[in-house]
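# Summary of the model geometry
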Amino acid sequence: MAEGKTAIVTGGSRGIGREVALRLADLGYDIAIVYIGDENEAAETVRDCEAKGVKAKAYVCNVASFEETKAVVAEIRKDFGPLWILVNNAGITRDGLIAFMKEEDWDSVLGVNLKGAFNMIRHTAALFIRNKGGRIVNISSVSGLMGNAGQANYSASKAGIVGLTKSTARELAPKGITCNAVAPGFIRTDMTKNITEDNSELLRTIPLGRMGDVSDVASAVVFLLSSPYITGEVLRVDGGIAM
Ligand code: NAP
């Protein structure tokens, strides 16, 4: 069923995005990953997807840029078959207390995490509408649902993703296109490399008592991508943190 259909995964070079790309390749989707600069990691994801028998290619693009995302979507459209899936996963942190937060740290986090998702949806929506269907999943965070001291910029961007997801879901539902979000808790990736599980205080905040794996998040993403009657949902994958 996925044969000849294309999935775009932003931030697909590493971490959660890579795992999502590999899972979609397992299902037979051709994979276009978008990343900002880690060429070796991107090449590895492409190789691993191709090894599963699908077409895969990596594109350098700053998702925060309206023009770059417009150009990359046009390029992907030229290189690949009909677009069926968009996973807005690219994200960054620039943590700091709000009383001292630099303007550039606010702008860059909102730019990549929130405007990046808007840019990609903005430039792909017409393609989905033309194809009379499609699936969008945006990666939010429990930080966007609960707030987190030291992460005003990140929390705001991830709360913004929830609003973006629900508005997009309402707008595109009549066209048969779903849009959902996944809100992970603490997942072991480069983004959380400074957090260790020896930190018993952290573990006490997680009812299931452990950090999550990328596969925990990818399973939720794939579930939403394969659910035609779920839209506008925010699915937590957080070991119970935000229940
Ligand atoms: P990660 O390992 O740090 O990977 C980030 C990915 O985003 C990389 O592929 C990176 O590309 C790409 N990226 C960063 N800035 C970009 C930009 N301006 N344009 C295009 N691509 C860009 O992150 P992760 O932990 O897998 O997180 C993935 C998503 O899940 C993020 O949205 C994050 O906020 C969210 N999340 C993560 C956790 C967690 O605990 N890890 C929890 C909640 C939510 P390069 O490889 O080229 O740098």
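Residue numbers here run from 1 along each chain, matching the order of that chain's written sequence. Only residues with pLDDT of at least 70 are given local features in this predicted model, and only at 80 or more are side-chain atom pairs given and counted; all residues enter the totals for whole chains, interfaces and linings. To get the side-chain values, all heavy atoms of the structure are used, and hydrogens and water are removed first.

## Comments concerning the overall build of the protein
The way it works is that DSSP assigns letters per residue, a run of H or I at least four long becomes a helix, a run of E at least two long becomes a strand, and they are numbered from the N terminus. For the protein, the count of helices and strands is 8 helices and 7 strands. The globule rule used for comparison is 2.2 Å times the number of residues to the exponent 0.38, while the radius of gyration itself is calculated over C-alpha atoms. A compact globule built from 243 residues should have a C-alpha radius of gyration of about 18 Å, and the protein, at 17 Å, falls within 12% of that. Projected onto the principal axes, the alpha-carbon positions of the protein cover approximately 50 × 35 × 35 Å. Relative to its full complement of 243 residues, the protein shows a buried share of 50%. Partitioning the contacts of the protein with sequence separation of at least 6, the portion at a separation of at least 24 is 74%. Surface accessibility of the protein: about 11,600 Å² in total, with carbon and sulfur atoms responsible for 52%. A simple rule labels every residue: compare its accessible area, found with a 1.4 Å probe on the protein chains alone, to the largest value its type can have, and call it buried under 20%, exposed over 50%, or partly exposed in between. A contact between two residues is defined here by any heavy atoms of the two lying within 4.5 Å. All accessible areas in this document rest on Shrake-Rupley with a 1.4 Å probe, and a residue is counted as covered only by the protein chains that are shown.

## Quick notes on the packing of aromatic side chains
Ring pairs are drawn from Phe, Tyr and Trp, using the six-membered ring of Trp, whenever the two centres fall within 6.5 Å, and their geometry is named by plane angle: stacked under 30 degrees, edge-to-face over 60, tilted for the rest. Enumeration over the complete set of coordinates arrives at 1 aromatic pair. Seen in terms of ring centroids, Phe 66 and Phe 118 are 6.4 Å apart; in terms of plane orientation they differ by 25°. Their pairing is stacked. One end of the pair, Phe 66, is in helix H3 (residues 66-79); the other, Phe 118, is in helix H4 (residues 103-131), with 52 residues separating them in the sequence. Using a relative accessible area of 27% as the deciding quantity, one classes Phe 66 as partly exposed. Whether a charge sits over a ring comes down to the Lys NZ or Arg CZ being within 6 Å of the ring centre and within 35 degrees of the ring normal. For the cation-ring pair, Lys 5 lies above Trp 84, with the distance from its terminal atom to the ring centre recorded as 4.2 Å.

## Overview of the site of the ligand
Near the ligand lie 31 residues; those nearest to it are Ser 13, Arg 14, Gly 37, Tyr 154 and Thr 189. Contact between the ligand and Asp 38: an oxygen atom at 2.8 Å from a main-chain N or O atom of the residue. Counted as a polar contact is a pair of N or O atoms within 3.5 Å, where, for protein atoms, one must be capable of donating a hydrogen and the other of accepting one, and residues adjacent in sequence contribute only when both atoms are in side chains. At 3.1 Å from a nitrogen atom of the ligand is found a main-chain nitrogen or oxygen belonging to Val 63. Bound to the protein, the ligand loses 94% of the 910 Å² it would expose on its own. For the shell around the ligand, the secondary-structure elements that each account for two or more residues are helix H1 (15-26) and helix H6 (152-172). Here the nonpolar group is Ala, Val, Leu, Ile, Met, Phe, Trp, Tyr, Cys and Pro; Asp, Glu, Lys and Arg are the charged ones; every other residue, Gly included, is treated as polar. Grouping the constituent residues of the shell around the ligand by class yields 14 nonpolar, 13 polar and 4 charged. Consider each residue's heavy atoms; a residue with any of them within 4 Å of a molecule or strand counts as near.

## Some details on helix H8 (residues 214-225)
Helix span, as expected, comes to 1.5 Å for every residue beyond the first. Over its 12 residues, H8 extends 16 Å from the first C-alpha to the last, a length consistent with the 16 Å expected when each residue adds 1.5 Å. Turning to H8, its buried residues number three or more, namely Val 214, Val 217, Ala 218, Ala 220, Val 221, Val 222, Leu 224 and Leu 225. On its buried side, H8 packs onto H1, strand S4 (83-88), strand S5 (134-139), strand S6 (177-184) and strand S7 (234-237).

## A few points about the environment of Thr 192
Tracing the backbone shows Thr 192 in the loop between S6 and helix H7 (200-204). Taking C-alpha positions, Thr 192 is 14 Å from Gly 17, a pair spaced 175 residues apart along the chain. Contact partners of Thr 192, with chain neighbours within four places excluded, come to Ile 187 and Met 211.

## Notes on H4
When the terminal C-alpha atoms of H4 are compared, their 40 Å separation across 29 residues agrees well with the 42 Å that a helix rising 1.5 Å per residue should span. Lys 132, located one to two residues past H4, shows a positive phi value of around 60°.

## A word on the pairing of S4
Of all 6 residues that make up S4, 6 are buried, and the element is covered over most of its length. Bridging between strand S1 (residues 6-10) and S4 involves 4 bridges; their strand directions are parallel. Within the sheet, the bridge partner assigned to Ala 7 lies in S4 and is Ile 85. In this fold, the crossover linking S4 to S5 by way of H4 has right-handed handedness. By definition, two strands form a pair when at least two bridges between them are found by DSSP. Think of it like this: strands point away, you trace from the first strand over the helix to the second, and a clockwise trace means the crossover is right-handed.

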